[in-house]
Amino acid sequence: MNIIKVTKSYHITWLILMIIATTSVFAANEIIGKRPYEMDWAGRTQDANPALVDFENLDGWTAEGKNMVVKFERTREQQLFGDYVGKLTYCAVTNDQRLSFGPAQPIKITQTFD
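We now turn to the structure provided with this report. (Residues numbered from 1 in each chain as written. Predicted model: local features only at pLDDT ≥ 70, side-chain atom pairs only at ≥ 80, totals over all residues. Heavy atoms only, no water.)

## Comments concerning the pattern of salt bridges
Going through the model one piece at a time under the given rule, you end up with five salt bridges. Across the salt bridge formed by Arg44 and Asp47, the nearest N and O atoms sit 3.7 Å from each other. Looking at Arg44, the relative accessible area reads 38%, which means it is partly exposed. One salt bridge connects Asp96 with Arg98, and the closest N-O pair in it is separated by 4.0 Å. When its relative accessible area of 40% is taken as the criterion, Asp96 is described as partly exposed. Looking at Arg98, the relative accessible area reads 53%, which means it is exposed. Linked through salt bridges whose partners overlap, the residues forming this network are Lys66, Asp96 and Arg98. (Salt bridge = Lys/Arg side-chain N within 4 Å of Asp/Glu carboxyl O. Buried < 20%, exposed > 50% of the residue type's maximum accessible area, 1.4 Å probe, protein only.)

Below, the structure is given as structure tokens:
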């Protein structure tokens with residue numbers, strides 16, 4: 001019985017890793033999405049408040065998971081402000097999973113925000 005569970009988990013993990021590897025190959029043909037129509041209709045081309053963080057550069061960012069496959073990447077699939085947004089994708093392999101992601105160093109918040 002344990003062999004079957006290990007085998008199923010192994011096959012699921014292998015399949016997920018293959019899907020991620022395949023999507024990385026197609027990243028060169030990046031999809032550039034549109035901004036939400038509400039933002040366009042309202043004429044919001046710039047954020048009214050300075051961003052606490054942007055995802056133009058993900059150097060130092062990490063995404064880790066226990067019993068799951070995790071991927072954190074910058075993408076243009078859904079436009080907001082700037083050229084890129086962060087996309088966190090994950091797939092659990094078991095019921096006992098944990099996920100953590102973030103920048104290498106804490107981001108200092110210097111102003112009040114809402």
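## A look at the packing of aromatic side chains
Scanning the model with the defined rule gives six aromatic pairs in all. Measuring from ring centre to ring centre gives 5.8 Å for Phe55 and Phe72, while their planes differ by 80°; the resulting arrangement is edge-to-face. In this pair, Phe55 is assigned in the loop between α2 (37–41) and β1 (62–66) and Phe72 in strand β2 (residues 68–75), connecting sequence segments 17 residues apart. Accessibility expressed as a relative area gives 22% for Phe55, which makes it partly exposed. Note on Trp61 and Phe72: the rings are 5.4 Å apart at their centroids and 40° apart in plane angle, and the pair reads as tilted. Taken as a pair, Trp61 in the loop between α2 and β1 and Phe72 in strand β2 lie far apart in primary sequence, 11 residues in all. Just as Trp61 is buried, Phe72 falls in that class too. Cluster of aromatic residues (ring-pair linked, three or more members): Phe55, Trp61, Phe72 and Phe101. Its guanidinium or amino end placed over the ring of Tyr84, Arg74 lies 3.6 Å from that ring's centre, counting from NZ or CZ. The positively charged end of Arg76 is found above the aromatic ring belonging to Tyr84, 5.7 Å away from the centroid. (Phe/Tyr/Trp six-rings, centres within 6.5 Å; stacked < 30°, edge-to-face > 60°. Helix = DSSP H or I, 4+ residues; strand = E, 2+ residues; numbered from the N terminus. Lys NZ or Arg CZ within 6 Å of the ring centre and 35° of its normal.)

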